[in-house]
Amino acid sequence: MQETEILIRDATREDREKLVHVLEEGFEGIYLWHAKKTLKDIDVVKVAILNSEVAGLVMLKDLDSRLGYVYYIAVARRFRGAGVGGKLLDYSLNYFSDRGKFEVFSSVEKDNEASLALFKSRDFRATSLQELSKRYGIVKANILRMKMLLVSGELLLAKELTSKLDSP
């Protein structure tokens, strides 16, 4: 069986309206509203192409010069289980590493088992605002929380990176 390559590319501003259907398949309620708003406003959106079709997307944000955030990963229903989410997350980690980030965060609803499994498969660990306060100070932790727009019922996840820029 021949594997089809999943290509990741920038989503242009013009592409973004065509990506809304992917969000509608993966989110509902306040998350769908926020994902659509973020899709319009965020600087970095990458799209996954499989068999010449849009298979998924990821939205990325620099929290500061050394920290990154994976806002949303969404995969079209018909492409779930094909490795698209993993490819988008791997791309995101490489993207942040290439930019000199040393830690990447994301947040997932506590009952979203598929998303939790994806992030845990890439060695993300659960963290907390209290831990961020200890590491970065209370002021920076609160600034990070506001930039991440964390809401009740979400689990904050973190992964430390070894930046390629720091490698010998």
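All values reported here derive from a predicted model rather than from experimental measurement. Each residue is numbered by its place in its chain's sequence as written, counting from 1. Per-residue local features of the predicted model are confined to residues with pLDDT of at least 70, and side-chain atom pairs are confined, for both listing and counting, to 80 or more; whole-chain, interface and lining totals are unaffected and use all residues. Hydrogens and water molecules were not included; the side-chain quantities draw on all heavy atoms of the structure.

### With respect to the sheet that holds strand 6 (residues 125-127)
Step number 1: Two strands qualify as a pair provided DSSP detects at least 2 bridges between them. Strands here mean DSSP runs of E at least two residues long; helices mean DSSP runs of H or I at least four residues long; both are numbered from the N terminus. Taken together, seven strands build an open sheet; the order of strands is 1-2-3-4-5-7-6 and the sheet is mixed. In this open sheet, the two strands that pair with only one neighbour each are strand 1 (7-10) and strand 6. In this sheet, adjacent strand axes meet at a mean angle of 35 degrees when their direction is disregarded.
Step number 2: Across seven bridges, strand 2 (residues 44-50) lies against strand 3 (residues 53-62) in antiparallel orientation. Fitted lines through C-alpha atoms serve as axes, helices being fitted only where they are in contact, and the angles separating the N-to-C directions of these axes extend from 0 to 180 degrees.

### Some details on the packing of helix 6 (residues 129-136) against helix 7 (residues 138-148)
Step number 1: Interhelical geometry of helix 6 versus helix 7 gives an angle of 135 degrees and a closest axis separation of 7 Å. Taken together, the axis directions place helix 6 and helix 7 in an arrangement best described as oblique. When you trace helix 6 past helix 7, the crossing you get is right-handed. On the side of helix 6, the interface is formed by Leu 129, Leu 132, Ser 133 and Tyr 136, while helix 7 contributes Ile 138, Lys 140, Ala 141, Leu 144, Arg 145 and Met 148.
Step number 2: All amino acids are sorted into three groups, where Ala, Val, Leu, Ile, Met, Phe, Trp, Tyr, Cys and Pro are nonpolar, Asp, Glu, Lys and Arg are charged, and the leftover types, Gly among them, are polar. When its residues are assigned to classes, the contact of helix 6 with helix 7 shows seven nonpolar, one polar and two charged. Should an angle fall under 35 degrees it is called roughly parallel, over 145 degrees roughly antiparallel, and 65 to 115 degrees roughly perpendicular, with every other angle called oblique. By the definition used in this description, the sense in which the near helix is turned from the far one sets the handedness, with an anticlockwise turn below a right angle giving left-handed and a clockwise turn giving right-handed. Whether two residues touch is decided by their heavy atoms; if any such pair falls within 4.5 Å, the residues are in contact.

### Comments concerning the confidence of the model for the chain
As a note on interpretation, predicted positions should not be read in detail where pLDDT is low.
Step number 1: Averaged over all residues, the pLDDT of the chain is 91; the fraction at 70 or higher stands at 95%.
Step number 2: By mean pLDDT, helix 1 (residues 13-16) is the weakest element of the chain at 86, and helix 4 (residues 84-98) is the strongest at 97.
Step number 3: Segment residues 164-168 is flagged for pLDDT under 50; beyond a separation of four residues in sequence, or across chains, it makes seven contacts in the model. A residue's pLDDT is the confidence the predictor assigns to it, expressed on a 0 to 100 scale.

### Some points on the pattern of salt bridges
Step number 1: We define a salt bridge as a contact between a side-chain nitrogen of Lys or Arg and a carboxyl oxygen of Asp or Glu at a distance within 4 Å. In this structure the tally under the stated criterion is 14 salt bridges.
Step number 2: Linking Glu 53 and Arg 78 is a salt bridge whose minimum nitrogen-to-oxygen distance equals 2.6 Å. With a gap of 25 residues between them, Glu 53 in strand 3 and Arg 78 in the loop between strand 4 (67-75) and helix 4 connect regions that are remote in the sequence.
Step number 3: Throughout this description, buried means an accessible area under 20% of the type-specific maximum (1.4 Å probe, protein chains only), exposed means over 50%, and partly exposed covers the range between. Arg 78 gets classed as exposed once you look at its relative accessible area, which sits at 58%.
Step number 4: Between Glu 160 and Arg 135 there is a salt bridge, and its shortest N-O distance comes to 3.8 Å.

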